[in-house]
Structures are given as C-alpha cells and as structure tokens.
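What follows is the residue order along each chain.
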Amino acid sequence: MANLYHIITYGCQMNEHDSENIAGLLEAMGYEYADDAYEADIVVMNTCSIRENADKRFFGVLGQFKKLKKTNPDFILCVCGCMPQQPRVIEEIKKSFAWVDVIFGTQNIKQFPELLDARIRTGRKQMAIIDNNPVVEEDMEPKRVFRHKALVNITYGCNNFCTYCIVPYTRGREKSRTIKDVKCEVERLCADGVKEVMLLGQNVDSFKDAATGGTFADLLRELDTVDGLERIRFMTSHPKDISDDMISCYQTCSKLCHNIHLPVQCGNDRVLKRMNRHYDRARYLDRVAKLREVCPDITISTDIIVGFPGETEEEFEDTLSLCKEVRYDSAFTFIYSPREGTPAARFEDQIPEEIKHARFDRLVDCINEISLEKNKCYVGGTYDVLVEGISKNDDCIYSGRTDGFKLVNFTVPEGIALTDGTIVKVQITDAKTFSLEGRLI
Ligand code: SF4
C-alpha cells in the first residue's frame, strides 16, 4: 500500500493553489491522499500569516502533531507557506518544535520532493527558504480540487508594501509569467474539461509579460480566444493600477465575468495615505464609475479594514459613506490587528479594541443591508448559473455561481442530475444576504 499524505491549508487562494501543486508533487512521488491527517504518513501544513492570532493558531495545531511522532516514528511533518518566511517563526520552531522535519518557503515549493527525499534518506531535518527568488517556477502539475474550474497564477509576490500587510515580506517581489505560458496552461486545462479559470496575483493590474511587455488587458484578450473556456475571473485588482484598457475588456472579452473584487480598505484619504495605498477616495470612485459605465451590470466586492491606527470617528464614517455610495454586492471586512514586521504595527496610535469592534459591527450592518437590497433585485430574473455541486442532504438542490459571482442554491425536478461545470438557466425565487435561491428552468 502506498504511503499517505494530508495537507492542511490556511489562507488565501494563492495558498490553495500552492497546496494543489504540493499535492501534485507528492502524488508524482507515489503518495496517496488521506482524508484524515491522523492517518497520514506525511502531513504538510501550508500556513498563512494574514489573520489575527495566526501565530497562536499555527503553533497550537503544530503542537497537536507531536503525539503522532511518538506513536509513529516514521511520521513526517512539513511546514510551508507564509509563516516560515519570517525569521522569528523559524527561531520559535527550532526552539519549541524541533521535531518538525521539513520546512520550505513560498518560493521553494519545487524543491519539496528533494527535501522530503533527503529527510527520508538521511533522517535529518531539511529547510529551504528563499526571500526573493527571481525565477518564476511554473512547470508543476497541480492536483486540482475541481474538474471544471482551476486556479492559475499570473504573478507572484507584491511590490506595494501596504503598511499593514506582511505579504511582500513573505512572498517576495512581484514577478509575472509570460502571456504565452499562461495561455498554454489555460489551453491544457480546457482540453482537460476546465470551463472557468481564476487568474491569481496579489495585484493582477501590474502584470507585465517579462518577454513582450504585454499588460493584463493583453492577457485577458488572449485568454478570451481559448476554445472550451467559458468564464474568466481574476483576483485581486488594485485601484491605483486598474487601467481604462483593462476596464474596456469588460466590453470586448465575452468570457470575462461581469464581476470585480476591488479592495478599497478605507474611505478616507488620510488613512489611505498612512496605509500606503497610493490612491485616494476620488480615484477609487472614478474607477468604480468607469467600470459601471463600461459594464452596467458588473458586481463589485471589496476588502475593508476597520480601526487602522489613528482612524478617527469621522474617518471611519468616510468608509461608511463610501460603502453607501458604491453599494457593494459584498465585502470582506477585517478588524485591524498588527502584524509583527509591518510598519503599521509600530504606529503608536493603535485604536482600543472596543472601539474597533463597535465600528466593525456598524460597518457589517451597513454592508449586509446593502447586499440584501442588491440581491433582492435578482428575484424574478433568470440567470446563467455554472453548476458547482449538489447538496449533501438533498439530491434535488444544487449550488452554482452566476456570471456576477452570486452564489445560487436552486432546486431541480426529481430525476434530473446535473454535472459540475455545466451552465444552466435558473430563475431566482428568493434573496438572502449572502446567496440567492432559485429553480432550474
Ligand atoms: S497590494 Fe498591499 S495588501 Fe495586497 S498583497 Fe500587496 S502589500 Fe499586501
């Protein structure tokens, strides 16, 4: 029987895609996937340092595997992702979790088989962490979670250094793939049945083909010609870099979904400056207006941080007023918490927890009210929905996404079975804050 592996993934879609690549590497080495981490011979923890208390949670889960080392001396624990990119985390692992076998960084994934092999052959711990790998490692064969949709990296790393964010320190400087390589990968995926791609980059708008100088808009136009591809999505856009040329793709690229995630973070210019975001409220609103002019039915989501150091009540109210002006379809809202190693963590005017939480509650109420109002406008209409799965409890209920990324749970008549990845017509019968309900037409 083959040895078993399990991967625990925290964080963003970048990490999810990295885990798909790690799974692909392990399966090429002959390992098989185990649902239960405690039955696996190898566990990989793919970590994230974005969320609050990331250290505490990471070290807590790490500690739980110590007993497996006792009961199974051949058990191998690997740690990768954003946490080990930070020297203080490596120090802590060495000091308190010395039984971790393999540690590798966000830019060392391709080396993982060698490291694992060396650990098995020599019994010695292995570690590889690069801060800034100038090479784009792109010829791995991921084990994809879904057959009908795929994550595709177009850039790695970030050059923006927002003062609250750890990513530029954990994923290195920005590097773009070439349009030719991305297109080849998407063509291969579509030949394998993929209908929808999600293009990934910390800032897709600064994509620049290293060979030709081609832009993100050029890439979208190329991908729009790929046979078999039905939907193109991307994440994340940056308000300072999103160009008119890119926005024009919503008119010219028929496969580009009418949806955008455009993080605003805050509605006040002074706070945006302290966040080092390089745009102001006026620029952000101008981009939203342009998007809606070119693509009137576009859905817009965002990220917002509440309680950034020094944020006054009036400045917070600017965020509320911006939300009311833009009328987001949805938003990911975060209470600011300092990340060690970032400039904002050293700002002296940190906001008391109770004020941050009170502002957060007001913001969530505002966002949810608007989301529900916007979702209600869909009731009665019929939309193309890409089928993503069937309910665990009821064979007559499926879920899927509209072109605008609205989650739809819909009923189908008994006896009809839908395949994931097919696009069906669904009439919307009800609206909730985070989803729509409907029935198959
Ligand atoms: S753009 Fe800013 S928030 Fe996004 S990854 Fe880069 S530094 Fe972090």
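The rules we used
- Residues numbered from 1 in each chain as written.
- Predicted model: local features only at pLDDT ≥ 70, side-chain atom pairs only at ≥ 80, totals over all residues.
- Heavy atoms only, no water.
- Core = buried A, V, L, I, M, F, W, Y, C linked by side-chain atoms within 4.5 Å.
- Buried < 20%, exposed > 50% of the residue type's maximum accessible area, 1.4 Å probe, protein only.
- Domains from an automatic or database assignment.
- Contact = heavy atoms within 4.5 Å.
- Helix = DSSP H or I, 4+ residues; strand = E, 2+ residues; numbered from the N terminus.
- Polar contact = N/O pair within 3.5 Å; in protein donor to acceptor, adjacent residues only side chain to side chain.
- Pairing = 2+ DSSP bridges.
- Axes fitted to C-alpha atoms, helices over the stretch in contact; angles between N-to-C directions.
- Near = heavy atom within 4 Å.
- Nonpolar A, V, L, I, M, F, W, Y, C, P; charged D, E, K, R; others polar.
- Phe/Tyr/Trp six-rings, centres within 6.5 Å; stacked < 30°, edge-to-face > 60°.
- Lys NZ or Arg CZ within 6 Å of the ring centre and 35° of its normal.
- Salt bridge = Lys/Arg side-chain N within 4 Å of Asp/Glu carboxyl O.

Visitor: Quick question: what am I supposed to make of the nonpolar core here?
Guide: With 68 residues, the main nonpolar core has L199, F216 and Y250 as its most contacted residues. Looking at which domains feed residues into this core, each of domain 2 (144–257) and domain 3 (261–377) supplies at least three. Beyond its immediate chain neighbours, meaning those up to four positions away, F216 contacts I154, L199, V204, D205, F207, F234 and M246. In terms of nonpolar packing, the next biggest core, distinct from the first, is built from 26 residues, C48, F58, L77 and I90 among them.

Visitor: Explanation requested: the side chain of T178 in the structure shown.
Guide: Summarising the element assignment, T178 is placed in the loop between β9 (175–176) and α7 (179–191). Only 3.1 Å separates the side chain of T178 from the side chain of D181, close enough to count as a polar contact. Other than its neighbours up to four places away in sequence, T178 contacts F207, D209 and A211.

Visitor: Just checking my understanding: could you explain the sheet that holds strand β13 (residues 299–306) for this structure?
Guide: What holds strands together in a sheet is hydrogen bonding between their backbones, with the strands either parallel or antiparallel. With parallel pairing, the three strands of this open sheet are ordered in space as β12-β13-β14. Edge positions in the sheet fall to β12 (259–261) and β14 (330–335), since each has one partner strand and no second. In this sheet, adjacent strand axes meet at a mean angle of 10 degrees when their direction is disregarded. Here three bridges tie β12 to β13, and the two strands are oriented parallel to one another.

Visitor: Would you mind showing me how to read the site of the ligand here?
Guide: By nearness alone, every residue bordering the ligand is listed as C158, N160, F161, C162, Y164, C165, V167, P168, Q202, H238 and R277. Within the shell around the ligand, the residues separate by chemical class into seven nonpolar, three polar and one charged.

Visitor: Whenever I open this one, the packing of aromatic side chains confuses me. Can you help?
Guide: In this description, a pair of aromatic rings is defined by centroid distance and the angle of the planes. Enumeration over the complete set of coordinates arrives at 15 aromatic pairs. Taken together, a centroid distance of 4.6 Å and an interplanar angle of 20 degrees make the contact between F104 and F112 stacked. No difference in accessibility class separates F104 from F112, as the two residues are buried. With centroids separated by 5.3 Å and ring planes inclined at 70 degrees, the aromatic side chains of F308 and Y336 adopt a geometry described as edge-to-face. Of this pair, F308 sits in the loop between β13 and α12 (313–326) while Y336 sits in the loop between β14 and α13 (353–376), and the two are 28 residues apart along the sequence. A single burial state applies to F308 and to Y336, both of which are buried. Every member of this aromatic cluster is reached through a ring pair, and the members are F58, F59, F97 and W99. Directly above the ring of F405 sits R401, whose terminal nitrogen or CZ lies 4.1 Å from the centroid.

Visitor: Please clarify how the sheet that holds strand β16 (residues 397–402) should be interpreted in this entry.
Guide: In spatial order, the strands read β15-β16-β17-β19-β18; together these five strands close into a barrel with mixed pairing. Sheet twist, expressed as the mean angle between neighbouring strand axes with direction ignored, is 50 degrees.

Visitor: Sorry, what's going on with the pattern of salt bridges here?
Guide: Two side chains bearing opposite charge may form a pair once their charged atoms approach each other closely. Evaluated as defined, the whole model comprises 31 salt bridges. Where E222 meets K183, a salt bridge forms, and the shortest distance between an N and an O atom there is 2.8 Å. Remark: K183 occurs in helix α7 and E222 occurs in helix α8 (residues 216–223); sequence separation between them is 39 residues. Residue E311 pairs with R359 through a salt bridge whose shortest N-O separation is 2.9 Å. In this pair, E311 sits in the loop between β13 and α12 while R359 sits in helix α13, placing the two residues 48 residues apart along the sequence. Classification of E311 as buried rests on a relative accessible area of 3%. Among the ionic contacts, a cluster of salt bridges with common partners joins E311, E313, E317, R359 and R362.

Visitor: Any chance you could explain the environment of I305 here in plain terms?
Guide: Along the chain, I305 falls in strand β13. Residue classification places I305 among the buried residues on the basis of a relative accessible area of 8%. Between the C-alpha atoms of I305 and E187, which are 118 residues apart in sequence, the distance is 38 Å. In contact with I305, other than residues within four places in its own chain, are Y164, Q265, M275, E311, F334 and Y336.

Visitor: Explanation requested: the domain arrangement of the protein chain in the structure shown.
Guide: Interfaces are often described in size by the accessible area the parts lose on coming together. Along its sequence, the protein chain is carved into domain 1 (4–128), domain 2 (144–257), domain 3 (261–377) and domain 4 (382–440). On a C-alpha basis, the centres of domain 1 and domain 3 stand 34 Å from each other. Between domain 1 and domain 3, the residue contacts involve six residues of the former and four residues of the latter. Applying the counting criterion to the domain 1 and domain 3 interface returns one salt bridge. Notably, a salt bridge pairs R88 with E340, separated by 3.7 Å at the nearest N-O pair. In this structure, the connection of domain 1 to domain 3 is made through one residue pair in polar contact (both at pLDDT 80 or more).

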